[in-house]
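# Summary of the model geometry
Listed below are the residues making up each chain.
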Amino acid sequence: MIFFGKKNKLSDKGHSEHYQTFLNDYFTGPNMIRGRREEDVTVWDKLKGEELELAKQKIMDNLDSCDESYIRAAGIFKDERAIPILKQIAENRSNIHIQLYAAKTLYNWVGFEGFEVKLEKSFTKASQFTKTDLAFWIQGLEEETALKFFWKAMNDPDSFVRFCSYDALEQYYGIWKVRKDGFEIKYFTDQEVYENKELFNERQAELREKIKTWKKR
(Lines give C-alpha, C1' and ligand atoms only; values in the text may rest on other atoms or scores of the structure.)
Protein backbone atom coordinates (compact mmCIF):
# COMPACT_ATOMS: atom_id res chain seq x y z
CA MET A 1 0.00 0.00 0.00
CA ILE A 2 1.32 3.45 -0.91
CA PHE A 3 1.86 5.82 2.00
CA PHE A 4 0.93 9.36 1.02
CA GLY A 5 2.63 11.11 3.91
CA LYS A 6 1.02 14.21 5.38
CA LYS A 7 -2.59 14.83 4.48
CA ASN A 8 -3.03 17.50 1.82
CA LYS A 9 -5.81 20.05 1.98
CA LEU A 10 -6.62 19.66 -1.68
CA SER A 11 -8.66 16.68 -2.83
CA ASP A 12 -7.43 14.26 -5.51
CA LYS A 13 -10.92 14.15 -7.01
CA GLY A 14 -12.20 16.36 -9.79
CA HIS A 15 -8.80 17.19 -11.21
CA SER A 16 -7.56 17.41 -14.78
CA GLU A 17 -6.53 14.55 -17.03
CA HIS A 18 -2.89 15.53 -16.49
CA TYR A 19 -3.27 15.22 -12.73
CA GLN A 20 -4.99 11.86 -13.07
CA THR A 21 -2.06 10.71 -15.23
CA PHE A 22 0.29 11.87 -12.50
CA LEU A 23 -1.65 9.93 -9.85
CA ASN A 24 -1.76 6.78 -11.96
CA ASP A 25 1.89 6.79 -12.94
CA TYR A 26 3.34 7.72 -9.55
CA PHE A 27 0.88 6.31 -7.01
CA THR A 28 -2.27 4.40 -7.91
CA GLY A 29 -1.24 2.56 -11.07
CA PRO A 30 0.85 -0.62 -11.38
CA ASN A 31 4.25 -0.42 -9.68
CA MET A 32 5.89 -1.59 -12.90
CA ILE A 33 5.17 1.79 -14.49
CA ARG A 34 7.79 3.26 -12.18
CA GLY A 35 9.89 0.10 -12.07
CA ARG A 36 10.35 0.26 -15.84
CA ARG A 37 10.83 4.04 -15.78
CA GLU A 38 7.73 4.50 -17.89
CA GLU A 39 6.10 7.24 -15.83
CA ASP A 40 4.96 10.17 -17.98
CA VAL A 41 7.45 12.86 -16.94
CA THR A 42 5.86 15.37 -19.31
CA VAL A 43 3.14 15.93 -16.69
CA TRP A 44 5.57 18.27 -14.90
CA ASP A 45 5.29 20.66 -17.85
CA LYS A 46 1.53 20.25 -18.10
CA LEU A 47 0.43 20.57 -14.47
CA LYS A 48 -0.32 24.14 -13.42
CA GLY A 49 -1.18 26.09 -10.30
CA GLU A 50 -2.88 24.19 -7.49
CA GLU A 51 -2.53 20.83 -9.21
CA LEU A 52 1.20 21.29 -9.69
CA GLU A 53 1.67 22.20 -6.03
CA LEU A 54 -0.37 19.21 -4.88
CA ALA A 55 1.58 16.85 -7.13
CA LYS A 56 4.91 18.21 -5.93
CA GLN A 57 3.85 17.90 -2.30
CA LYS A 58 2.79 14.28 -2.78
CA ILE A 59 6.21 13.46 -4.21
CA MET A 60 8.04 15.25 -1.41
CA ASP A 61 5.88 13.58 1.25
CA ASN A 62 7.02 10.22 -0.14
CA LEU A 63 10.52 11.10 -1.30
CA ASP A 64 12.15 9.32 1.63
CA SER A 65 10.55 6.04 0.54
CA CYS A 66 13.53 5.58 -1.82
CA ASP A 67 11.42 5.17 -4.95
CA GLU A 68 13.74 6.14 -7.80
CA SER A 69 10.88 7.69 -9.78
CA TYR A 70 10.19 10.15 -6.93
CA ILE A 71 13.85 11.18 -6.86
CA ARG A 72 13.74 11.57 -10.62
CA ALA A 73 10.59 13.71 -10.35
CA ALA A 74 12.19 15.97 -7.74
CA GLY A 75 15.07 16.51 -10.14
CA ILE A 76 12.58 17.61 -12.79
CA PHE A 77 10.31 20.00 -10.88
CA LYS A 78 13.21 21.30 -8.74
CA ASP A 79 11.42 22.52 -5.63
CA GLU A 80 14.07 23.61 -3.12
CA ARG A 81 12.15 21.92 -0.30
CA ALA A 82 13.27 18.58 -1.75
CA ILE A 83 16.99 19.38 -1.41
CA PRO A 84 17.46 18.45 2.30
CA ILE A 85 15.51 15.22 1.79
CA LEU A 86 17.68 14.27 -1.17
CA LYS A 87 20.81 15.06 0.83
CA GLN A 88 19.67 12.73 3.59
CA ILE A 89 19.08 9.95 1.07
CA ALA A 90 22.44 10.56 -0.63
CA GLU A 91 24.34 10.48 2.65
CA ASN A 92 22.54 7.89 4.75
CA ARG A 93 20.82 5.23 2.65
CA SER A 94 22.38 1.77 2.50
CA ASN A 95 21.05 1.02 -0.99
CA ILE A 96 23.95 1.96 -3.29
CA HIS A 97 21.81 2.70 -6.32
CA ILE A 98 19.35 4.96 -4.48
CA GLN A 99 22.15 6.73 -2.64
CA LEU A 100 23.97 7.42 -5.90
CA TYR A 101 20.79 8.41 -7.69
CA ALA A 102 19.95 11.04 -5.09
CA ALA A 103 23.55 12.32 -5.11
CA LYS A 104 23.62 12.58 -8.92
CA THR A 105 20.23 14.30 -8.97
CA LEU A 106 21.62 16.93 -6.61
CA TYR A 107 24.87 17.10 -8.59
CA ASN A 108 22.92 17.91 -11.74
CA TRP A 109 20.69 20.41 -9.95
CA VAL A 110 22.63 22.32 -7.29
CA GLY A 111 25.88 20.41 -7.06
CA PHE A 112 26.89 17.65 -4.66
CA GLU A 113 30.40 17.77 -3.33
CA GLY A 114 31.99 14.36 -3.33
CA PHE A 115 29.71 12.75 -5.88
CA GLU A 116 32.63 11.54 -7.99
CA VAL A 117 34.34 10.08 -4.91
CA LYS A 118 31.10 8.36 -3.91
CA LEU A 119 30.73 6.92 -7.41
CA GLU A 120 34.37 5.78 -7.40
CA LYS A 121 33.91 3.90 -4.12
CA SER A 122 30.60 2.33 -5.10
CA PHE A 123 30.73 1.60 -8.81
CA THR A 124 32.78 -1.60 -8.80
CA LYS A 125 30.61 -3.29 -6.16
CA ALA A 126 27.34 -1.91 -7.51
CA SER A 127 24.72 -4.14 -9.12
CA GLN A 128 24.42 -4.75 -12.84
CA PHE A 129 21.36 -2.48 -12.84
CA THR A 130 23.39 0.41 -11.44
CA LYS A 131 26.28 -0.14 -13.83
CA THR A 132 23.99 -0.17 -16.86
CA ASP A 133 22.93 3.35 -15.82
CA LEU A 134 26.35 4.67 -16.83
CA ALA A 135 24.82 7.26 -19.17
CA PHE A 136 23.18 8.93 -16.17
CA TRP A 137 26.25 8.78 -13.92
CA ILE A 138 28.67 10.35 -16.42
CA GLN A 139 26.31 13.01 -17.76
CA GLY A 140 27.86 16.40 -17.01
CA LEU A 141 31.18 15.02 -15.73
CA GLU A 142 34.54 16.18 -17.06
CA GLU A 143 35.67 14.12 -20.04
CA GLU A 144 38.63 12.50 -18.25
CA THR A 145 36.40 11.43 -15.36
CA ALA A 146 33.65 10.19 -17.67
CA LEU A 147 36.16 8.07 -19.59
CA LYS A 148 37.53 6.62 -16.36
CA PHE A 149 34.11 5.26 -15.42
CA PHE A 150 33.45 4.21 -19.00
CA TRP A 151 36.53 1.98 -19.00
CA LYS A 152 35.54 0.52 -15.63
CA ALA A 153 32.22 -0.52 -17.14
CA MET A 154 33.79 -1.53 -20.43
CA ASN A 155 35.95 -4.06 -18.58
CA ASP A 156 33.13 -5.48 -16.49
CA PRO A 157 32.60 -9.27 -16.76
CA ASP A 158 28.93 -8.73 -17.66
CA SER A 159 28.43 -8.33 -21.41
CA PHE A 160 25.26 -6.26 -20.98
CA VAL A 161 27.12 -3.79 -18.75
CA ARG A 162 29.76 -3.47 -21.46
CA PHE A 163 27.10 -3.06 -24.15
CA CYS A 164 25.38 -0.29 -22.19
CA SER A 165 28.68 1.43 -21.45
CA TYR A 166 29.39 1.82 -25.17
CA ASP A 167 25.90 3.20 -25.67
CA ALA A 168 26.42 5.57 -22.72
CA LEU A 169 29.65 6.98 -24.15
CA GLU A 170 28.01 7.72 -27.48
CA GLN A 171 25.32 9.61 -25.58
CA TYR A 172 27.99 11.49 -23.64
CA TYR A 173 29.64 12.67 -26.86
CA GLY A 174 26.31 13.40 -28.51
CA ILE A 175 26.77 10.96 -31.36
CA TRP A 176 24.30 8.28 -30.31
CA LYS A 177 22.21 6.86 -33.14
CA VAL A 178 19.35 4.41 -33.57
CA ARG A 179 20.54 1.00 -34.73
CA LYS A 180 18.68 -1.88 -36.32
CA ASP A 181 20.98 -4.27 -34.45
CA GLY A 182 23.85 -4.05 -32.01
CA PHE A 183 26.57 -5.57 -34.20
CA GLU A 184 28.71 -2.45 -34.11
CA ILE A 185 28.62 -2.40 -30.31
CA LYS A 186 29.03 -6.16 -29.91
CA TYR A 187 32.21 -5.93 -31.99
CA PHE A 188 33.76 -4.44 -28.86
CA THR A 189 31.58 -5.90 -26.09
CA ASP A 190 30.51 -9.43 -27.04
CA GLN A 191 31.23 -12.20 -24.53
CA GLU A 192 33.28 -14.20 -27.03
CA VAL A 193 35.47 -11.16 -27.59
CA TYR A 194 35.81 -10.57 -23.83
CA GLU A 195 36.86 -14.17 -23.15
CA ASN A 196 39.62 -13.96 -25.78
CA LYS A 197 41.88 -11.57 -23.88
CA GLU A 198 44.24 -10.95 -26.78
CA LEU A 199 41.36 -10.10 -29.09
CA PHE A 200 39.65 -8.06 -26.37
CA ASN A 201 42.77 -5.97 -25.83
CA GLU A 202 43.11 -5.43 -29.57
CA ARG A 203 39.50 -4.29 -29.83
CA GLN A 204 39.93 -1.97 -26.84
CA ALA A 205 43.00 -0.39 -28.45
CA GLU A 206 40.95 0.08 -31.60
CA LEU A 207 38.14 1.62 -29.56
CA ARG A 208 40.51 4.07 -27.87
CA GLU A 209 41.54 5.35 -31.30
CA LYS A 210 37.91 5.59 -32.35
CA ILE A 211 37.05 7.65 -29.25
CA LYS A 212 39.82 10.13 -30.16
CA THR A 213 37.86 10.97 -33.30
CA TRP A 214 34.79 11.64 -31.18
CA LYS A 215 36.77 14.00 -28.97
CA LYS A 216 37.64 16.15 -31.99
CA ARG A 217 34.02 16.92 -32.76
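As a starting point, this report considers the structure included with it. (Residues numbered from 1 in each chain as written. Predicted model: local features only at pLDDT ≥ 70, side-chain atom pairs only at ≥ 80, totals over all residues. Heavy atoms only, no water.)

### Section: the overall build of the chain
Helix and strand content of the chain: 15 helices and zero strands. When its C-alpha atoms are laid out on the principal axes, the chain stretches across 65 × 35 × 35 Å. Residue burial in the chain is summarised as follows: out of 217 residues, 47% are buried. Long-range contacts, defined as pairs at least 24 residues apart, comprise 58% of the intrachain contacts of the chain with a sequence gap of at least 6. (Helix = DSSP H or I, 4+ residues; strand = E, 2+ residues; numbered from the N terminus. Buried < 20%, exposed > 50% of the residue type's maximum accessible area, 1.4 Å probe, protein only. Contact = heavy atoms within 4.5 Å.)

### Concerning the pattern of salt bridges
Taken as a whole and judged by the stated rule, the model has 18 salt bridges. With a closest N to O distance of 2.8 Å, Arg-72 and Glu-39 form a salt bridge. Taken together, the residues span a long stretch of sequence, with Arg-72 in helix H5 (residues 68–77) and Glu-39 in the loop between helix H2 (31–35) and helix H3 (43–46) at a distance of 33 residues. Residue class for Glu-39 comes out buried when judged on its relative accessible area of 6%. One connected set of salt bridges, linked through shared partners, spans Arg-37, Glu-39, Glu-68, Arg-72 and Asp-133. (Salt bridge = Lys/Arg side-chain N within 4 Å of Asp/Glu carboxyl O.)

### Digging into the environment of Glu-38
Mapped onto the elements, Glu-38 comes out in the loop between H2 and H3. The class for Glu-38 is partly exposed, based on a relative accessible area of 49%. It is 19 Å that separates the C-alpha atoms of Glu-38 and Cys-164, two residues lying 126 residues apart in sequence. Other than its neighbours up to four places away in sequence, Glu-38 contacts Asp-25 and Ile-33.

### Re the nonpolar core
Core analysis: the biggest nonpolar cluster contains 59 residues, and Phe-22, Tyr-26, Trp-44, Ile-59 and Ile-211 have the highest contact counts within it. Here Ile-59 is in contact with Phe-22, Tyr-26, Phe-27, Trp-44, Tyr-70, Ala-73 and Phe-77, once residues within four sequence places are set aside. (Core = buried A, V, L, I, M, F, W, Y, C linked by side-chain atoms within 4.5 Å.)

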